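Observations on the three-dimensional arrangement
Each chain is listed here by its residues.
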Amino acid sequence: MNASSSSEATAAGPAGHDPGRIVLLTTSHRVAPGLLSWPAWQALREADAVLCADGAHPQLPYLREAGTAVVEASPTAQELVDACAGGRTVVVVATGEGEPALTDGLARLAGSGRVPMPELELLPASYDLPGARLLDLVQVMDRIRAECPWSSRQTHRGLARYGIEEAYELVEAIETGDREELREELGDVLLQVVFHSRIAEEDLDAPFSVDDVAGGIVAKLIHRHPHVFGDETAETPEDVKEHWLRTKAEEKRRTSVTEGVPLGQPGLALAAKLASRARTAHLDVPLPQGEGIGYELLALAVRAEAAGVDPEAALRAVARTYRDAIRVTEGTAPDEA
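In this text the structure is predicted, and so the values were computed from the model without any measurement.

Quick notes on the layout of surface pockets
Quantified by volume, the largest pocket comes out at close to 380 Å³. Taken together, 17 residues form the lining of the largest pocket, with L274, A275, A278, V285 and L287 sitting closest to its centre. With five residues, helix α12 (residues 267–280) is the single largest residue contributor to the lining of the largest pocket. In the lining of the largest pocket, the residues fall into 13 nonpolar, one polar and three charged. Of the voids in this model, the second largest pocket is the one considered here, and its volume is about 300 Å³. Lining the second largest pocket are G131, L134, L135, V138, L190, V193, V194, V210, D211, V213 and A214. Looking at the lining of the second largest pocket, the elements that each hand over two or more residues are α6 (133–147), α8 (179–200) and α9 (210–223).

Structural data, given as structure tokens:
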């Protein structure tokens, strides 16, 4: 026997001894139990033994219904290696936390070089689809609403100010270009949506859930994008906007382009929005004439909108510059070094 053959025999144990195979089967709690991949079902059906430490694992009823015998057991690494001796395959259905103690023990045995180790395969049996973590958020919100003394007492009206604050903080993160802050603020805005949806479930007269909210926006997006989901075409962003406004008008059955414009928004944004509606509808509307700063600001907002500039964003940018100048004058500017 040459040197390489000798070393291979040592790693596998005595000649002719097959150390077997361990399959660590992982599943996602965000996927309906029983929806496993074909390789996972093959491994389960071909296994000599299937073990799971968690007797309440959501997959177990479905595995047993499919004819797979599952033994509730928490073997040590050595016990699992011994169970594979002679070429046996043992599948371990991992718990929600994984099996860190078991995998660490197997790593120590393998590192010792004294134990013939079975082949170890990590087999994902189900995968999270994009957006799957939203299910976690819904579950966490359910529990907080039920158990938190503060959250359980909140109402739509009581939370309204937080929605405005979070929206402004999101805009600030976008304008400053802070990617980490952007991710966090998007999460805070998403929380508002899920929180309000959870509160809405409890309404006695007109309850709705986060699924109703999501279903509504999905239907709206499909209807307002006939160039994507239908037979119409759109070659430019202007074509897309035209489709959007036309289908929106059909949905809302509005008689004026000003309907649906929230009058409570900041003044410059309101003026620009009204100007956008009028321009898109090809309405030649003369600006109101009068004395005072309001008329001047209106004219500036309309001019900015026509030039494709967001007057609110432009003013915020200059206001930040003004803030910095104030801090320099008063000696409180951050140290550039």
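After that view of the structure, there is still more to cover.
Some details on empty space enclosed by the protein
In total, this model carries one cavity of 30 Å³ or more according to the counting rule given. Considering only enclosed or pocket space, the largest cavity measures out at about 40 Å³ in volume. What lines the largest cavity is V138, M141, D142, V194, S197, R198, E201 and V210. Of all the secondary-structure elements, those providing two or more residues to the lining of the largest cavity are α6 and α8. Residue classes in the lining of the largest cavity are distributed as four nonpolar, one polar and three charged.

Quick look at the sheet that holds strand β2 (residues 49–52)
Two orientations exist for strands paired in a sheet by backbone hydrogen bonds: parallel and antiparallel. Ordered by their spatial adjacency, five strands build an open sheet running β3-β2-β4-β1-β5, and the pairing between neighbours is parallel. The sheet terminates laterally at β3 (71–72) and β5 (119–124), the two strands that pair on one side only. With six bridges connecting them, strand β1 (residues 21–26) and β5 associate as parallel partners. Paired with V23 across the two strands is E121, which belongs to β5. Sheet strands touched by helix α2 (residues 38–46): β1, β2, β4 (89–93) and β5. Its angle to β5, the strand with the most contacts, is close to 135°. Against the sheet, helix α4 (residues 77–84) contacts β1, β2 and β4, and its axis sits at roughly 140° relative to β4.

A look at a nonpolar patch on the surface
Taken together, the side chains of I217, V218, L221, I222, V228 and F229 make up a nonpolar region of the molecular surface, amounting to roughly 530 Å² of accessible area. Elements supplying a minimum of two residues to the nonpolar patch: α9 and α10 (226–229). Broken down by element, the residue count for the nonpolar patch peaks at four residues, all from α9. Along the chain, V218 turns up in helix α9. Its relative accessible area of 44% is what places V218 among the partly exposed residues.

What counts and what doesn't
- Residues numbered from 1 in each chain as written.
- Predicted model: local features only at pLDDT ≥ 70, side-chain atom pairs only at ≥ 80, totals over all residues.
- Heavy atoms only, no water.
- 1 Å grid on protein atoms, 1.4 Å probe; cavity = no way out; pocket = protein on both sides within 12 Å on 5 of 7 lines; lining within 4 Å.
- Points joined across faces, edges and corners; volume = space filled by probe spheres on them.
- Helix = DSSP H or I, 4+ residues; strand = E, 2+ residues; numbered from the N terminus.
- Nonpolar A, V, L, I, M, F, W, Y, C, P; charged D, E, K, R; others polar.
- Pairing = 2+ DSSP bridges.
- Contact = heavy atoms within 4.5 Å.
- Axes fitted to C-alpha atoms, helices over the stretch in contact; angles between N-to-C directions.
- Patch = residues over 30% accessible without salt bridge, like charges linked within 9 Å, V, L, I, M, F, W, Y side chains within 5 Å.
- Areas by Shrake-Rupley, 256 points an atom, 1.4 Å probe, with all protein chains shown as cover.
- Salt bridge = Lys/Arg side-chain N within 4 Å of Asp/Glu carboxyl O.
- Buried < 20%, exposed > 50% of the residue type's maximum accessible area, 1.4 Å probe, protein only.

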